[in-house]
Amino acid sequence: MSSSSGEVPTPGPLQPVGDAGELSRFNPFDPAILAQPWEYNDRLVAEAPVHREPNTGLILVSSYELVNQVLNDYETFSNRFMLMMGGGTKAKVPSAVAEVMKGGYPPVDTMLTADPPEQRRFRSLVNKGFSLRRVGALAPRIEALVGELIDGFAQEGRVELRSQFAVPLPLTVIAEQLGVPREDLAKFKQWSDGFVAQLGGMASTEEQVEAWKRIVEFQRYFEKVLKDRAENPRADILSAVVNARVEGEASLDTAECLSILQQLLVAGNETTASAICQGVHLLMENPDQLARLRENPDGIPNAVEEILRLTTPTANMWRVCIRDTVLGGVEIAAGSAMLVRFSAANRDPAVFPDPHAFDAGRANAHDHLAFGAGVHFCLGAQLARMEMTKAFEALLERLPNLRAPDGSGPPVYPPNILLRGMAALPLEFDPA
Ligand code: HEM
């Protein structure tokens, strides 16, 4: 079955595809593998960089070279993957979920879930809101926010870093840019959690119903704010999105704006929070690197790249193959559902020598694929880099003698096929 561009073939239900040898004892959805994918990833890169996964029927792509090839070939590997998940524009959803969805705007595929040329239209309208100049202008605000958050716990000598720092930092930055007042931040977090649950594709019907209730609430809230910004633009990203005009392109309608806001909300929060927590954890596990950065904070931007490489918060991303092809010697039929394993590519020994080692000064750390590549390269990469750099600069300076509290076990990673992040990171340090 072959398909030219245009209509994306609807993937059928995932089916086991037979024994693929010893690798079949791993299941990519197994919570233990989601938490610690490294052994599996190493074996995939070495033995089967394109792997027809027998438990799920998914095609897994893992080596750096082939992940890069997929990311740069949108004509073969489509991002219109919402078809595979509950909530896509044409997806079949359980009736209880459909009932809740009726109360809101219909889901539309925009940046992350669209292909060029439509995807380009959205990106060109939104890029302005995330230009280097605009992100640069946020530096003082991000620095102040980092300082305020640390002030909140510096004297106590202990903190749960995720809830008290890593989540509120990107959440507040993006909320301010979307014009959400502080008192609505908790609601904002709930909406973000709703989107994450839906994107992960692992939610039960009841969880999907809950997630969609939050999404509809989000849509109702922003419907009003969008209208206000169209009439009274401010100097925030939301106004830039609503009022974006590109010559020859139609401006965004409400459903499109809402879809874009959803993506900004999810992409900007969980990923950055995860990178900060995992980065601090890595630094504590590598005290030589921590000491090196405390002595030489100029090394922090490169360390941020190395942390992104090793932690890869977006561990996997979906693709749908839309025409028969051969990748890495493996035939892939149009309609195949694929999982691009960023977390494996970022530890491919062909590109990163001694790939599991944390080397804050690694010369090619910047070559990681944690922000993707090609047309979907992360819109918020510069913002995330700035938030992480400011966060690590201040945490290293202000929290001396960082350590795990006695009796705290290893970090827990809630199962999510796309986003890998810690549930919590309790820390102790010498109080200010
Ligand atoms: C450490 C933090 C972050 C990581 C690891 C990350 C990772 C990624 C990755 C891997 C992609 C590409 C997905 C694909 O190829 O299908 C992506 C796309 C995207 N990211 Fe990020 N991201 C981060 C932070 C942010 C922030 C702060 C924002 C915005 C506030 C953001 C907004 C987006 C958007 C809108 C897209 C879709 C772009 C498109 O499809 O054209 N991200 N991100």
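Model, not experiment: these values are computed from the prediction.

**Here's the deal with the environment of asparagine 302**
Among the structural elements, asparagine 302 can be located in helix 15 (residues 300-311). Distance from asparagine 302 to alanine 365, taken between C-alpha atoms, is 7.0 Å for residues 63 residues apart in sequence. Excluding residues within four positions of it along the chain, asparagine 302 makes contact with Ala360, Gly361 and Ala365.

**Quick word on the site of the ligand**
Around the ligand sit 27 residues in total, of which Ala267, Gly268, Gly372, Cys378 and Gly380 are the nearest. Every element with two or more residues in the shell around the ligand is listed here: helix 5 (118-126), helix 13 (254-285) and helix 17 (381-398). Looking at which element gives the most residues to the shell around the ligand, the answer is helix 13, with seven residues.

**Comments concerning the environment of glutamate 148**
Residue position: glutamate 148 is located in helix 7 (residues 139-151). Under the C-beta neighbour-count criterion, glutamate 148 is labelled exposed, with 12 such atoms within 10 Å.

**Describing the sheet that holds strand 1 (residues 50-52)**
Taken together, the five strands give an open sheet; going across it, the order is 1-2-8-5-3, and neighbouring strands pair in mixed fashion. Of all the strands in the sheet, just strand 1 and strand 3 (77-78) have a single pairing partner and so form its edges. Pairing of strand 1 with strand 2 (residues 59-61) involves three bridges; the strand directions are antiparallel. Paired with arginine 52 across the strands is isoleucine 59, a residue of strand 2.

**Details of the nonpolar core**
Soluble globular proteins tend to bury their nonpolar side chains together. If you look at the biggest cluster of nonpolar residues, it comprises 114 residues, and the most contacted ones within it are Val61, Val67, Val241 and Met338. A total of 14 residues in this core trace back to one element, the largest contributor, which is helix 13. Once you skip the residues sitting within four places of it in the chain, valine 67 turns out to touch Val61, Ser62, Val340, Arg341, Phe342, Ala345 and Leu369.

**Some details on the packing of helix 9 (residues 168-177) against helix 13**
Following both chains from N to C, one finds helix 9 and helix 13 inclined at 155°, their axes separated by 8 Å at the closest point. On the basis of their axis angle, the class for helix 9 and helix 13 is roughly antiparallel. Considering the relative orientation of helix 9 and helix 13, their crossing is right-handed. Contacts between helix 9 and helix 13 pair Pro170, Leu171 and Ile174 from the former with Leu264, Leu265, Gly268, Asn269, Thr272 and Ala273 from the latter.

**What about the packing of helix 13 against helix 17?**
Helix 17 packs onto helix 13 with a crossing angle of 35° between their chain directions and a minimal axis gap of 10 Å. At the point where helix 13 passes helix 17, the crossing takes the right-handed sense. For the pair helix 13 and helix 17, the contacting residues are Thr271, Thr272, Ala275, Ile276, Gly279 and Val280 in the first and Ala384, Glu387, Met388, Ala391, Phe392 and Leu395 in the second. Taken together, the residues of the contact of helix 13 with helix 17 break down into eight nonpolar, three polar and one charged.

Parameters at a glance
- Residues numbered from 1 in each chain as written.
- Predicted model: local features only at pLDDT ≥ 70, side-chain atom pairs only at ≥ 80, totals over all residues.
- Helix = DSSP H or I, 4+ residues; strand = E, 2+ residues; numbered from the N terminus.
- Contact = placed C-beta atoms within 7 Å.
- Near = placed C-beta within 6 Å.
- Buried ≥ 20, exposed ≤ 12 C-beta atoms within 10 Å, placed from the backbone.
- Pairing = 2+ DSSP bridges.
- Core = buried A, V, L, I, M, F, W, Y, C linked by C-beta atoms within 7 Å.
- Axes fitted to C-alpha atoms, helices over the stretch in contact; angles between N-to-C directions.
- Parallel < 35°, antiparallel > 145°, perpendicular 65-115°, else oblique.
- Left-handed = near helix turned anticlockwise from the far one by under 90°.
- Nonpolar A, V, L, I, M, F, W, Y, C, P; charged D, E, K, R; others polar.

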